Amino acid sequence: MSIVTVQLGQCGNQIGFEVFDALFRDSHCPQGLCSKRENEAYQASCKERFFSEEENGVPIARAVLVDMEPKVINQTLSKAAQSGRWKYGQHSCFCQKQGSGNNWAYGYSVHGPRHEESIMNLIQKEVEKCDSLSGFFIIMSMAGGTGSGLGAFVTQNLQDQYSHSLKMNQIIWPYGTGEIIVQNYNSILTLSHLYRSSDALLVHENDAVHKICAKLMNIKQISFSDINQVLAHQLGSVFQPTYSAEGSFHYRRNPLGIDWQVRPPVSRLPTLGKMSLNKELHFNTSIANLLILRGKDVHSADLGGFKDPALYTSWLEPVNAFNVWKTQRSFNKYEKSAALVTNSQFLVKPLDKIVGKAWNMFASKAYVHQYTKFGIEEEDFLDSFTLLEQVVASYCNL
């Protein structure tokens, strides 16, 4: 089954390139620490998911590139073509001459409706190339205007037109000390809209990835390229093929097959209020954990620690909340590697902080006029605050 990737804005397009490059390089690495037959099956599974092939034999990424300015898209197309390994489709891009000025409302209310038909037609053409569609992977930032505002609009359209296909958004959480004065507004509007239209949000915090570059990789002058390569490595380690079941040597066809629709019992739903928001988190409680193991000795790994009931909310048994995917084929030349996708309380504090900062600005009506002049009313802000405070309260009460 295939995934169609939608790269939105400067951030989405730059990360998208690194993701496809990491996937291709890994799948064509001869040192997979497995048999030739297994390596070929892994390679074929990766290609089916992320690439189609043109007549000249160069794989083409199953992707649509969208930005409101041409510079980044041109750079991205050029880098892919120059790699000689893979490229983007000739007619898979949409760009204009005028950006969104870091204004979520302009991306959502102006660019979205104006270019809806063109963008959705490009996506439809990409979907038609797939024998079987698994879902959409939408890469975007939260802080700017195009990636966040237009990204929320496009995700909403995908939900309307492809309601039975999974929509997974990979969103980049802005630096705590970001340069965009309205990044907290853009972030709460993005999150509240995606909460309604996306099936799953994969979140990466810029500050956390920056720390990885500085402390674990010892990079002195950290660039966005360094950060994007770390993100691509992490995403690749999740999305590359794994076996479909314990003891099986067939790769699972659905790479996004996680149960994202967990719902608490009605009796456990929290009431909204400051008590739950201020509750001190002593332990990171999870709703679901997915562990992906690759390389040597995966079948003998001790997973007992992940099955401890203390890790999970009381209304879920670990057997229902924990999954493990495995393959003996190594990732990116590492003898052994592990990746964890977790739905837990990890984002409660960053989310509460971003909502708090946005509310402080909104209470004094700072910069609100920049949004109301493009059709985003104060009521829309209040709806976003209410929804996200409910999300924080729900996670606090796990």
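The coordinates are above.
All figures in this text were calculated on a predicted structure; none of them were measured in a lab.

Some thoughts on helix H5 (residues 146–161)
(1) Moving on: The end-to-end C-alpha distance of H5, which contains 16 residues, comes to 21 Å, matching closely the 22 Å that a straight helix rising 1.5 Å per residue would cover.
(2) Moving on: A large share of H5 lies buried, amounting to 12 of its 16 residues.
(3) Moving on: Taken residue by residue, H5 has Thr146, Gly147, Ser148, Gly149, Leu150, Gly151, Ala152, Phe153, Val154, Thr155, Asn157 and Leu158 as its buried positions.

Concerning the environment of Ala232
(1) Moving on: Inspection of the secondary structure puts Ala232 in helix H8 (residues 224–239).
(2) Moving on: Overall, the relative accessible area of 2% leaves Ala232 in the buried class.
(3) Moving on: Placed 91 residues apart in sequence, Ala232 and Ser141 show a C-alpha to C-alpha distance of 15 Å.
(4) Moving on: Once you skip the residues sitting within four places of it in the chain, Ala232 turns out to touch Glu18, Val19 and Ala22.

Thoughts on the pattern of salt bridges
(1) Moving on: Summed over all chains, the structure comprises 9 salt bridges.
(2) Moving on: The salt bridge partner of Glu18 is Lys79, with a shortest N-O separation of 3.9 Å. Of this pair, Glu18 sits in helix H1 (residues 9–27) while Lys79 sits in helix H3 (residues 70–83), and the two are 61 residues apart along the sequence.
(3) Moving on: Glu18 gets classed as buried once you look at its relative accessible area, which sits at 7%.
(4) Moving on: Across the pair Lys167 and Asp199 runs a salt bridge, and its minimum N-O distance is 3.9 Å. With Lys167 in strand E7 (residues 166–173) and Asp199 in the loop between helix H6 (183–197) and strand E8 (200–205), the pair connects residues that are 32 residues apart, well separated along the chain.
(5) Moving on: Taking the relative accessible area as the measure of exposure, Lys167 reaches 0% and is therefore buried.

Thoughts on the packing of aromatic side chains
(1) Moving on: Counted under the stated rule, the structure contains 22 aromatic pairs.
(2) Moving on: Centre to centre, the rings of Phe20 and Phe50 are 6.5 Å apart; their planes meet at 80°, and the pair counts as edge-to-face. Separated by 30 residues along the polypeptide, Phe20 in helix H1 and Phe50 in helix H2 (residues 36–50) bring together distant segments of the chain.
(3) Moving on: Members of the aromatic cluster, joined through ring pairs, are Phe17, Phe20, Phe24, Phe50, Phe51, Trp86, Tyr88, Phe137 and Phe239.
(4) Moving on: For the cation-ring pair, Lys365 lies above Phe362, with the distance from its terminal atom to the ring centre recorded as 5.1 Å.

A few points about the sheet that holds strand E11 (residues 336–344)
As a general point, the strands of a sheet are linked pairwise by backbone hydrogen bonds and lie either parallel or antiparallel.
(1) Moving on: Spatial strand order, E10-E9-E11: 3 strands in an open sheet with mixed pairing. One side of each edge strand has no neighbouring strand; the edge strands of this open sheet are strand E10 (322–327) and E11. Each adjacent strand pair in this sheet contributes to an overall mean axis angle of 10°, direction not counted.
(2) Moving on: Both strand E9 (residues 286–295) and E11 contribute to a ladder of 9 bridges, which runs antiparallel. Pairing of Arg294 across the sheet is with Ser337, part of E11.

What about helix H11 (residues 348–363)?
(1) Moving on: With 16 residues, H11 should reach 22 Å at 1.5 Å per residue; the first-to-last C-alpha distance of 22 Å fits that figure.
(2) Moving on: Those residues of H11 that sit buried are Val348, Pro350, Leu351, Ile354, Val355, Ala358, Met361 and Phe362.
(3) Moving on: The secondary structure elements touched by the buried residues of H11 are E7, H6, E8 and helix H13 (378–396).
(4) Moving on: Among the residues trailing H11, Lys365 stands out with phi positive, at a value near 60°.

Regarding unusual backbone geometry
(1) Moving on: Phi angles above zero are rare outside glycine, and Lys333 is one such case at about 70°.
(2) Moving on: Structurally, the position occupied by Lys333 is in the loop between E10 and E11.
(3) Moving on: Even without being glycine, Tyr367 reaches a positive phi, approximately 65°.
(4) Moving on: Topologically, Tyr367 is positioned in the loop between H11 and helix H12 (369–372).
(5) Moving on: Classification of Tyr367 as partly exposed rests on a relative accessible area of 32%.

Some thoughts on the packing of H11 against H13
(1) Moving on: Two numbers describe how H11 lies on H13: the axes approach to 10 Å, and their chain directions differ by 155°. Taken together, the axis directions place H11 and H13 in an arrangement best described as roughly antiparallel. Where H11 crosses over H13, the handedness of that crossing is left-handed. For the pair formed by H11 and H13, the contact residues are Val348, Leu351, Asp352, Val355, Ala358, Trp359 and Phe362 on the first element and Glu378, Phe381, Leu382, Phe385, Leu388, Glu389, Val391, Val392, Tyr395 and Cys396 on the second.
(2) Moving on: Residue composition of the contact of H11 with H13, grouped by class: 14 nonpolar, no polar and 3 charged.

What counts and what doesn't
- Residues numbered from 1 in each chain as written.
- Predicted model: local features only at pLDDT ≥ 70, side-chain atom pairs only at ≥ 80, totals over all residues.
- Heavy atoms only, no water.
- Helix = DSSP H or I, 4+ residues; strand = E, 2+ residues; numbered from the N terminus.
- Expected span 1.5 Å × (residues − 1).
- Buried < 20%, exposed > 50% of the residue type's maximum accessible area, 1.4 Å probe, protein only.
- Contact = heavy atoms within 4.5 Å.
- Salt bridge = Lys/Arg side-chain N within 4 Å of Asp/Glu carboxyl O.
- Phe/Tyr/Trp six-rings, centres within 6.5 Å; stacked < 30°, edge-to-face > 60°.
- Lys NZ or Arg CZ within 6 Å of the ring centre and 35° of its normal.
- Pairing = 2+ DSSP bridges.
- Axes fitted to C-alpha atoms, helices over the stretch in contact; angles between N-to-C directions.
- Parallel < 35°, antiparallel > 145°, perpendicular 65-115°, else oblique.
- Left-handed = near helix turned anticlockwise from the far one by under 90°.
- Nonpolar A, V, L, I, M, F, W, Y, C, P; charged D, E, K, R; others polar.

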